[in-house]
Amino acid sequence: MEFIEKLAALVPPKGRNLIRYHGILAPGSHVRALVVPGQRRRERGAATKLIPRTRIPWADLLKRVFSIEILRCVRCGGWREVIGVVKDPLVARKILEHLGLDTEDYEPLPARAPPQLDLAL
Ligand SMILES: [Zn+2]
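A word on the overall build of the protein. Counting its secondary structure elements, the protein contains four helices and two strands. Each helix (α) and strand (β) of the protein, taken in turn from the N terminus, gives the series α-α-β-β-α-α. Within the protein, the proportion of its 121 residues that are buried is 0%. Nonlocal contacts in the protein, meaning residues at least 24 apart in sequence, comprise 0% of its contacts between residues at least 6 apart.

Quick look at the structure:
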């Protein structure tokens, strides 16, 4: 019974994270940002500050999945910077028309069943 009692104490509660960090890796440690990989961000008037990475930027995701350097200019090889986002479809259409680019609306393709493999050859 004593063994079962000690064993039961080691079983984590349902839904709890199974990995627990202690010391400098603990979530509340004031030096955790110095040892855990994250994003370094330069702020005005301050030295480089380590910001923990909470999400992966979309450009990095495109690079990982499709090997696309979306922010790299194909003409000069420089880096592009996102300076704004156009959310209004009418404004986006006007911009595309002005640039002479395709403005046609595309409907998503309907879902289909996965291809059936004929393995009885
Ligand atoms: Zn360029």
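Moving on: the confidence of the model for the protein. In this model, the protein carries a mean pLDDT of 84, and residues with pLDDT of at least 70 account for 85%. For the protein, the element scoring lowest by mean pLDDT is strand β1 (residues 39-42), at 50; helix α4 (residues 89-99) scores highest, at 93.

Another point: unusual backbone geometry. The phi angle of most residues is negative, glycine excepted, and most peptide bonds adopt the trans form. The backbone of Ser67 shows a phi angle near 55°, a positive value even though the residue is not glycine. If you trace the backbone, Ser67 turns up in the loop between α3 (58-66) and α4.

Thresholds, definitions, all that
In every chain, residue numbers begin from 1 and rise along the written sequence. Totals for whole chains, interfaces and linings use every residue, but because this is a predicted model, local features are given only for residues with pLDDT of at least 70 and side-chain atom pairs only at 80 or more, for both listing and counting. Only DSSP runs of H or I with at least four residues qualify as helices, and only runs of E with at least two residues qualify as strands; both kinds are numbered from the N terminus onward. Counts of 20 or more other C-beta atoms within 10 Å of a residue's own C-beta define buried residues, counts of 12 or fewer define exposed ones, and intermediate counts define partly exposed ones; C-beta atoms are placed from the backbone. Placing C-beta atoms from the backbone, we regard two residues as in contact once those atoms come within 7 Å. The predictor reports its confidence for every residue as pLDDT, a score running from 0 up to 100.

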